[in-house]
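Chain by chain, the residues run as shown.
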Amino acid sequence: MSSSSSGGVGVQDERGANKPNILRLTLGAKNLDKKDLFGKSDPYICIYAIQRAPTLAALPGGMETFFYNERLVYRSEVIMKTLDPTWKTFDLPLDLIGGPNAMLGIQCYDWDKDGGHDMIGYLSLDVKSLTKEGPCAAFQKKKSSKSSGQLYVIRAEYLYRPVSLIGGYSISLAAHGLDAKDGPGKKSDPFLEFVNGETQKVFYRTEYIRQTLSPEWAPFTLYLEDLGTMLDKVIIVNCYDWDEDGSHDLIGSFACKGMDLTFKGMFPLINPNISRPLYKNSGILNILDSHDVPTFRQFPPTNAFQIRCGAAKLGSVVSNPSPFLEVHLQVPNQAPRLLHRSEIVPKTRAPVFNPFIITIPPVLVGPTVETRLCFTLTNQEGSGVQTHLGILTTTLANIMLPNAYYKLGSAADKSNGAFYVESCSPVPAEKIPPFPVGFKVSCCGRNLDRKDGPLAKSDPFIEVWTADLPGKQVMLYRSEFVKQDLNPVWEPFNVTSSYDTFDSREGYVRRGGSVDSPLDLLVYDWDASGHHDLIGKFQFTIRELTFGPQQKNLINPEKVGNFNYKSSGVFFFEKLDPIWTDDQASSNNPLLLSSSFQFEIFASKLPAQLRAADPYIEVKLKDWSLNGTGRPVLVYRSEVCPKTSSPVWSPFVLNLGKHMAEGLMQFARHADARTALLVSPFRGWQDITLQITCYDFETRGDHKLMGQIEIPMTELAFKTITKPFKGGDSGSLTIARFVPVAPETPPSSPLWPLPPLPQGAFEIKFSGIKLDAKDLRSSDPFFTIQNPLTGSLLYRSEIIKQNLNPDWAPFAVPTAAAGLAWHSKLLITVYDWDKDGSHDVIGVTMPTLRDLLLARCPWTLKLDRGRLEASDTGGGLVFSSFRPLDTYTPPPVAQAYSFKFCCKKLDAMDVTTSDPFLKVENNKNITIYRSEVHMKDLNPSFDPFNLDVQDSIGGPDAQLKISIYDWDKDGTHDLLGCVSVSVRVLLMGSFYYGLERGGSTHGALVLEEIIPVPLESIPFTILAESYELHVSMHKLEKMDGPLKKADPFFEVHVGNQETKTYRSEVVKQDLNPVFKPFQLDVRAAGGFDQPLIIQVHDWDADGRHDKIGRVRMNLRDLLFGSFRYPIIGDGGRSFGGFQIDKFIPIPSLPTPPPPALAYQLHVSGCKIKKTDVVRKPDPFFNVYVEAGPNSSALRVKVYRSEVIKTESNPTFLPFVVRVDDVKGLDTPFQLEMFDWDKDGSHDYCGTATTTLKELLFGFITLPLMNGHDSSGGGLNVDAIFPMAIPPVFPPLAPAYSFNVSGKKLDSMDPGPMGKSDPYFDISIEVPIISATSSSSSSSYGSHQQQHVPKRSIRIYRSEVVMKSLNPYWSGFILNTADLGGSYDS
């Protein structure tokens, strides 16, 4: 073997030389098997890069191969009629086969003409085996292990070849032996299509070759993106016989990998539709040449293409058609866009259309191979009737391929001839023709439908609208109407997809779409009532008009689907003059001539009931861009035209220019504070709609709606318009005149421009008209004004007794102080006054300050304040005066006030009466006053009281909650009702406020007087640091059964964490106990406003004290004097009353002594659980505390009591607990009670858990819990005494003497008389010290707990006592040092 290289840059080795990347081979074979019956063989080889052991598989055409789950890397040429072939030299790229150590599979075939190549043999070897010249390996037969020939390596060498980029492969193809498809005596017109096996899309098509069964096609290139980067895509090759009508017949096909097309070879063409016996194939496809090329597919960088096309064999629908072609662009989720309409080719079944250019709009879809085009052929008859001939939908990539012949589909999915694309070539950008912005249109109609009855015709007019604006359409043009004509000719007009508008930031601008934006053209029959009937419509684009004069069928959607319906007439674009500039298109728009306009409006055929109407109109603007809702803005209200059904109102002027737009924008931005941030700037006329509403005036204010129209501002630019009313009975409204006037012409509406908002207030005067009678025949009306956004009360009027047409005094409403603006709404509610405070609502209304400027008519009051749109009315409210005040002095607010309240008509909560008292809370729910109790009184008058406005209430606008309760002995004071009100509202004077409870009124709270007082007159309460509390309870529940009472005691918890700060003594058998006074430190309680929780229990001897209930209060509440609170138990009901009898301030609690170092505990047991059947327990107890982190035990025993024999209520000797032993006052420790047994198996009675701090509260009985809910008795801590000097353990002696015995040992010797021979060991555990553990300890520090291995050391073994179950061993002595040297060892 030799190695060589050539120049170029490539991969280099460590010496800087280029590494070989090619294995060049010359292979041959000898003694191959003979496969041809009368000859030898025609051998060729295939080489594969293999991944695993070979398996037998089948390929299309019946061939068998040993498929290695890999890819083909080389196929040789065929050597004819030889058994000792030598094939041409070839190169194997090392990176393609997997490197110099890869495995290869080689198969040798005998070539056959029919494509059924026979396998001679196969073998597998590594690449290194091919580098040795000479005999290499033997071919193995596919069904036996015998040899079928020898493979020889004639020459092998490694080479270096510079790497070049491969973009695709240039392929030359031929075929022979194809089936004849054009009938007897003829041949075929074959062409090939290459299809992606995964997507089934055609990516290449050859030309067709006339009348041959052995074609040879022109060379072409297949790109890597089609074959696969690794040449591994599945490719389907179809061979067709071309037909003029596009119904090409399949000759045959085969499937292969992309790699198969890069080598010379032959493939049988199989037709799956042929199933005759002995069928092999329909011809052989031969790859004559295939080599890589460094070119890549590039789609033309343009969006315009010139197309030459035609059709053939048309006429299955029409015998002698005159076809024209339309090309549409198909865009997902959009209507098809027309790109071209051809000329009409008369009287032919094989039209050839003039070449044309299509431009694909880049804003819709960029031109790619997937761009879908729809070609539609239509027959045009002389009468204007159009007949569909056929349709083809394909991609831009398909028509750019040669031989683009397609079968035309029809509505019945039958062939209707063929459509072909001769060429489709890109057009450079500089050669794309420009498009006009619009056209001046001369048009007419033909054969329009009759809409005015069988004996009349129609009065047609046209409208042109935009069709693609989001949310709404914009009218671009409206024509005059032509009287009684079915073939009208209208005046020429300009049409463009853009429109003129006004922008508050840019002035007058052009907006709208492009030449491809759809436009709707509608033809109507004009009616005097405004109900214009639709004749028909169609859609077009400016691009369509570039194709020249044309006609369109007018389609009425309501008639589509009717029998034999085709159209409602024909619309003709007779003459189209292009418009190249926007100025030409918009020169006649009146909206560009001025910013002010004069309107003349009249109505006709208004409905008349029992009397003639008194109509007036309101004009409102709706700006769709501002808030998405189009909320109307009132800009004009007309005079009333009395007693007429055909009113003509006075002309009026509206300023619709820049100032109007800015004012509208400003108003809408503030119209609702909650949506202010959502408002966008005013965009122009396309966003403005005029809403004109006609009312029938009523004196009472309930003006009847007669009708309403809405018309976009853009429509006003085109001729007079009549529209029918919607929302009324009948009638129509006509805008007879809309003309520009001088900008300086003052508007008829006082709204624009708005006057400056006064900084002071508005003086307003109201009067009522025909109010509803709420008190049999009359009412006592008064009204309130509120800000609906904040709910604050701005004004309350005086009460006018017995009057249905009241005239209230003028009053002032502040603007700046109340945060009002022109847009602000006022909630005005009219009430009928009642003594019990349940004032009946007569009606409500909600005008804005702007509305009051137009108060020519009374406003309607709605009866239900939650139903402002109700039709019923409670009368009329007239704004008889509305005057701005530049200066306004609000009433002063004092620092403190004296309040005097009484109540009227309270509910009887105690059968026939109540015991009311009053409580006042601020907005922080803190009680700031509680009154005296008035026993048995439904109309109490409470004592005056003083409150500080700032400190106690929180300011004049802070809400006070005033509640009236019915006092009860058990503390469950029933709520009679409450009122929420501010000081500022109370300053409006004496008033009856309804007491609300459960959504209804239950009596009245009457403010009798409110008098300012000096701040010094409020008695200053000195808050002490500590208080002494005197406590009693009343009417407790019987907790110890029906014949007994209860043994109550209570605990005091403070703060949200409910920290226990006090426990009372137990008062035995008393339902109305009085407890010893106790002292409470304010700081310990967390302050005056922190929650104070009282938990009340019933004492039980076993320590399982029953919970009676809990009380929630705070110290500030106790400052108002003695009070009784309910004890709330489970279920939310009261279990008695908890009363603070006295709350006495004391200077300060004495400083508590520091905690002692040890405490002496006096302990006794109560009802200790009996574990022996016939005798009482022998109790003793252990004291345990949790062990420290360095201890191997879980807990440590710190004390064991003596044993008291046969006693259920034992009293133990006092014992001492050191604070350090139990780890502090707050650390829990356990006392475990046992029943002593001789055999040491002491029975467990129960465990009590407590802390020293808990015991310091005094006597307590702790439950001995045994299991989840089982008690082993009670453990009484009778007394606890601090010890100034803690007990000191005596020093350890050097050694100790031990005497040991055993009791009741088990018998371990066999037999009924057997006993045991016992002895015992004493061992200690010591750590194992090693170098590793020593270094670890020094590294991490002694403070970290380490796992240290230990071992046991025996320090003593006793003698054996023979045959004894109760042995006594000899005494022995142990050294203290041997035991560990400490008490805890």
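Definitions and limits used
- One numbering rule holds for all chains: residues counted from 1, following each sequence as written.
- Side-chain atom pairs in this predicted model are given and counted only at pLDDT of 80 or more, local residue features only at pLDDT of at least 70, and totals for whole chains, interfaces and linings cover all residues.
- Processing note: side-chain calculations cover all non-hydrogen atoms of the structure and skip hydrogens and water entirely.
- Between any two strands, pairing holds if DSSP finds at least two bridges.
- Numbering of helices and strands runs from the N terminus; a helix is a DSSP stretch of H or I covering at least four residues, while a strand is a stretch of E covering at least two.
- Geometry is summarised by axes, namely lines fitted to C-alpha atoms with helices restricted to the contacting stretch, and by angles between N-to-C directions that run from 0 to 180 degrees.
- Within 6.5 Å between ring centres, the rings of Phe, Tyr and Trp (the latter by its six-membered ring) count as paired, and their orientation is classed by plane angle as stacked under 30 degrees, edge-to-face over 60, tilted in between.
- For each residue, the accessible area found with a 1.4 Å probe, counting protein chains only, is set against the maximum for its type, and the residue is called buried under 20%, exposed over 50%, and partly exposed in between.
- A patch is a set of surface residues, each over 30% in relative accessible area and not in a salt bridge, joined within 9 Å for like charges and within 5 Å for the nonpolar side chains Val, Leu, Ile, Met, Phe, Trp and Tyr.
- Here the accessible surface of atoms and residues is derived via Shrake-Rupley with a 1.4 Å probe, and residues count as covered only by protein chains that are part of the display.
- What counts as a salt bridge is simple: a side-chain nitrogen of Lys or Arg found within 4 Å of a carboxyl oxygen of Asp or Glu.
- Residues counted as positive are Lys and Arg, residues counted as negative are Asp and Glu, and His and the chain ends are not counted.
- Taken as the charge centre is NZ of Lys, CZ of Arg, CG of Asp or CD of Glu, depending on the residue.
- Polar contacts, as counted here, are pairs of nitrogen or oxygen atoms within 3.5 Å of one another; within protein the pair requires one atom able to donate a hydrogen and one able to accept it, and residues that are adjacent in sequence qualify only if both atoms are side-chain atoms.
- Note on contacts: a residue pair qualifies if any of its non-hydrogen atoms lie within 4.5 Å across the two residues.
- Values of pLDDT, ranging from 0 to 100, describe the predictor's confidence in every residue of the model.

J.: Before we move on, can you summarise the sheet that holds strand β13 (residues 190-196) with the specific residues and values?
T.: Pairing between the strands of a sheet comes from backbone hydrogen bonds, and it takes one of two forms, parallel or antiparallel. Spatially, the four strands line up as an open sheet ordered β14-β13-β16-β17, and their pairing is antiparallel. Looking at the sheet topology across the chains shown, the edges are occupied by β14 (202-205) and β17 (249-257). With strand direction ignored, the average angle separating the axes of adjacent strands in the sheet is 20°. Relative to β17, strand β16 (residues 234-241) runs antiparallel, the two sharing eight bridges. Residue pairing across strands places I236 opposite A255, the latter belonging to β17.

J.: Account for the environment of I47, naming residues and giving values.
T.: Note on placement: I47 falls in strand β3 (residues 43-49). The sequence separation of I47 and L92 amounts to 45 residues, and the corresponding C-alpha distance is 9.7 Å.

J.: If you had to explain the packing of aromatic side chains to someone new, which residues and values would you point to?
T.: Following the criterion strictly, the structure yields 61 aromatic pairs and no others. Look at F481 and W526: their rings are 4.4 Å apart centre to centre, the planes differ by 5°, and that puts the pair in the stacked class. Linking F481 in the loop between β30 (475-478) and β31 (493-496) with W526 in the loop between β34 (519-525) and β35 (533-540), this pair joins segments that are 45 residues apart in sequence. The interplanar angle of 50° and the centroid separation of 6.0 Å between the aromatic rings of F1050 and Y1062 together place this pair among those described as tilted. Here the residue F1050 occupies a position in strand β63 (residues 1048-1054), and Y1062 occupies one in strand β64 (residues 1059-1063), the gap between them amounting to 12 residues. Relative accessible area serves as the criterion here: at 0%, F1050 is assigned to the buried category. Taken together, W490, F538, F540, F571 and F573 form an aromatic cluster joined through their ring pairs.

J.: Help me get a handle on a positive patch on the surface, residues and values and all.
T.: A cluster of basic side chains, namely K801, K835, K904 and K905, defines a positive patch on the protein surface. Locating K801 in the fold gives a position in the loop between β48 (793-796) and β49 (811-814). When its relative accessible area of 52% is taken as the criterion, K801 is described as exposed.

J.: Which residues make up the side chain of K765, and what are the values?
T.: Within the secondary structure, K765 is located in strand β46 (residues 761-769). Here D807 takes part through its side chain, which lies 2.2 Å from a polar atom of the side chain of K765. Within the structure, the side chain of K765 is placed 3.3 Å from the backbone oxygen of W808, a separation counted as a polar contact. Excluding its chain neighbours within four sequence positions, the residues that come into contact with K765 are D807, W808, P810, V878, F879, S880 and S881.

J.: Could you give an account of the environment of H1097, naming the residues involved and the relevant values?
T.: Note on placement: H1097 falls in strand β66 (residues 1092-1098). A relative accessible area of 14% places H1097 in the buried class. Along the sequence, H1097 and K1107 sit 10 residues apart, while their C-alpha atoms lie 4.5 Å from each other. Setting aside chain neighbours within four positions, we find H1097 in contact with D1047, P1048, F1049, E1051, H1105, D1106, K1107 and I1108.

J.: Tell me what's going on with the confidence of the model for the protein chain, and back it up with residues and numbers.
T.: In the predicted model, the protein chain carries a mean pLDDT of 80, and 83% of its residues have values of at least 70. Across residues 624-629, confidence stays below pLDDT 50; counting only partners more than four residues off in sequence or on other chains, it has 16 contacts. The low-confidence segment residues 661-683 (pLDDT under 50) makes 49 contacts with residues lying over four places distant or belonging to another chain.

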